[in-house]
Amino acid sequence: MIPKYKPEGMTIHTPENKMYTASVAGLERAMQTGAIIEDVAILCDSEMNLHFELGGIRGILPRSEAMLCRPGEQFKDIAVITRVGKPVCFKVQDIRSINGECVALLSRKEAQRECAMAHLADLITGDILKVKITHLESFGAFADIGCGISALLPVDSLSVSRISHPRDRLTCGSYVYAVVKSIDEDSGRFFLSQKELLGTWEENAALFTAGQTVAGIIRSVESYGIFVELTPNLSGLAELRTDGVMQDVTVGDTA
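Student: Any chance you could explain the pattern of salt bridges here in plain terms?
Tutor: Any two side chains of opposite charge can pair, so long as their charged atoms come close to each other. Scanning all chains against the criterion turns up 10 salt bridges. The residue Glu8 makes a salt bridge to Arg108 at a minimum N-O spacing of 2.9 Å. With a gap of 100 residues between them, Glu8 in the segment before helix 1 (15-21) and Arg108 in helix 4 (residues 108-118) connect regions that are remote in the sequence. For Asp168, the salt bridge goes to Arg219, with nearest N and O atoms at 3.8 Å. Placement of Asp168 in the loop between strand 9 (150-154) and strand 10 (175-183) and of Arg219 in strand 12 (residues 217-222) is noted, with a sequence separation of 51 residues between them. The exposure class assigned to Asp168 is partly exposed, which follows from its relative accessible area of 29%. Residues joined by salt bridges that share partners form a network here, namely Asp168, Arg169, Arg219 and Glu229.

Student: Just checking my understanding: could you explain the packing of aromatic side chains for this structure?
Tutor: Two aromatic rings are characterised by how far apart their centres lie and by the angle between their planes. On inspection of all chains with the given rule, the structure shows 3 aromatic pairs. With a centroid separation of 5.9 Å and an interplanar angle of 90°, the aromatic rings of Phe139 and Phe142 are classed as edge-to-face. Look at Phe139 and you get partly exposed, because its relative accessible area is 44%.

Student: Is there a simple way to think about the nonpolar core in this case?
Tutor: For soluble globular proteins, the rule of thumb is that nonpolar side chains tend to be buried together. Core analysis: the biggest nonpolar cluster contains 25 residues, and Val131, Ile145 and Leu192 have the highest contact counts within it. For this core, the elements supplying multiple residues, two or more each, are helix 4, strand 7 (128-137), strand 8 (140-144), strand 9, strand 10 and strand 11 (190-193). Apart from the residues within four sequence positions on either side, Leu192 is in contact with Val131, Ala143, Ile145, Ala151, Leu152, Leu153, Pro154, Ser157, Ala178, Val179, Val180 and Lys181. Grouped together as the second largest cluster of nonpolar side chains are 23 residues, Leu27, Val92, Ile95 and Leu106 included.

Student: What is the right way to look at the pairing of strand 12 in this model?
Tutor: Every other side chain in a regular strand lies on the same face of the sheet, so the side chains alternate between the two faces. In the sheet, strand 12 pairs with strand 13 (residues 225-231) via 5 bridges, with the strands oriented antiparallel. Within strand 13, the residue paired with Val221 across the bridge is Ile226. With antiparallel pairing between neighbouring strands as the criterion, strand 12 and strand 13 make up a hairpin whose turn holds 2 residues.

Student: Just to check I follow, could you spell out the side chain of Ser174 for this structure?
Tutor: Secondary-structure assignment places Ser174 in the loop between strand 9 and strand 10. On the accessibility criterion, Ser174 (19% relative accessible area) is buried. A distance of 2.6 Å separates a polar atom in the side chain of Ser174 from the backbone oxygen of Thr171.

Student: Would you mind going over a nonpolar patch on the surface with me for this structure?
Tutor: A cluster of nonpolar side chains, contributed by Ile128, Tyr177 and Leu197, occupies part of the molecular surface with about 290 Å² of accessible area. Within the fold, Leu197 resides in the loop between strand 11 and helix 5 (201-205). Residue Leu197 is classed as partly exposed on the basis of its relative accessible area, which comes to 36%.

Student: Looking at this model, I keep getting lost on the sheet that holds strand 1 (residues 37-40). Mind explaining?
Tutor: Pairing between sheet strands relies on hydrogen bonds along the backbone, with the strands arranged either parallel or antiparallel. The strand order across the open sheet formed by 6 strands is 1-5-6-4-3-2, and the pairing between neighbours is mixed. On the outer flanks of this sheet lie strand 1 and strand 2 (43-44), each paired with one strand and no other. Relative to strand 6 (residues 101-107), strand 5 (residues 87-98) is paired through 7 bridges, and the arrangement is antiparallel. Opposite Lys91, over in strand 6, you have Ser107 as the bridge partner. Relative to the sheet, helix 2 (residues 24-33) contacts strand 1, strand 3 (50-54), strand 4 (57-61), strand 5 and strand 6, its axis offset from that of strand 5 by approximately 105°.

Student: Which parts of the structure should I look at to understand the environment of Gly252?
Tutor: Relative to the elements of secondary structure, Gly252 occurs in the segment after strand 14 (234-239). Between the alpha carbons of Gly252 and Arg241 there is a distance of 21 Å; along the sequence they are 11 residues apart.

Student: Mind showing me how you'd approach helix 2 here?
Tutor: In an α-helix, one full turn covers 3.6 residues, which means residues spaced three or four apart are oriented alike. Along helix 2, the residues classified as buried are Gly26, Leu27 and Ala30. Along the axis of helix 2, the buried positions cluster into a sector of 100°, meaning they face one direction only. Where helix 2 is buried, its residues meet helix 1, strand 1, strand 3, strand 4, strand 5 and strand 6. Remark: Gly34 follows helix 2 within two positions and exhibits a positive phi of approximately 75°.

Reading the values: the criteria
Residues numbered from 1 in each chain as written. Predicted model: local features only at pLDDT ≥ 70, side-chain atom pairs only at ≥ 80, totals over all residues. Heavy atoms only, no water. Salt bridge = Lys/Arg side-chain N within 4 Å of Asp/Glu carboxyl O. Helix = DSSP H or I, 4+ residues; strand = E, 2+ residues; numbered from the N terminus. Buried < 20%, exposed > 50% of the residue type's maximum accessible area, 1.4 Å probe, protein only. Phe/Tyr/Trp six-rings, centres within 6.5 Å; stacked < 30°, edge-to-face > 60°. Core = buried A, V, L, I, M, F, W, Y, C linked by side-chain atoms within 4.5 Å. Contact = heavy atoms within 4.5 Å. Pairing = 2+ DSSP bridges. Polar contact = N/O pair within 3.5 Å; in protein donor to acceptor, adjacent residues only side chain to side chain. Patch = residues over 30% accessible without salt bridge, like charges linked within 9 Å, V, L, I, M, F, W, Y side chains within 5 Å. Areas by Shrake-Rupley, 256 points an atom, 1.4 Å probe, with all protein chains shown as cover. Axes fitted to C-alpha atoms, helices over the stretch in contact; angles between N-to-C directions. Arc of directions from axis to C-beta.

Here you go:
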């Protein structure tokens, strides 16, 4: 499935997006057709409004139009501030004169609302998406699944192999494929997984034979042995030496 509504940043350099953002006429066309376009935010003012340079005029995205909040979700100003210097998707709501200056008024919320209703509402468990990793926490990675709408990739869903932090697998700004693991119908939150896309145990085990020397990554050091990751979905246990001496290794080492 090729989604129409992509993570922010994926369409900013396309000819269509450049056509819309290059001139006032292009912005008017985007407004008339309801197109979702994007550009890099250059400034966040004291009232938490985002500013853009669009087609020779200023674009303003008010704080109230910065994001679509889920039920029970509280709006945080950090969500606006962190967009500066990054691509932001939006719809053109109006082009008017403000204090003698021609200004385009924008809404990211309306772009996200359309994405949620026309794209995300049709997703089911098992659908595969191309997503953009936006930030990492110890418990998982947050990913943009379309128009800046966020979903969680829990750390235990990144692979069968145990990892200490999502940064062992992912980097911010990277694009990866993930499968829809579950959808919370009450909150509208999406939870993703990657390990289902990394092959079964049988498929991974078939890559190795007894007696073969291979490289692996130390993922866990226990009192009874060391777990070595051979592939993201396959780990092996290096048992203690017969004399009971533990090798001097640390998590993250290549062995």
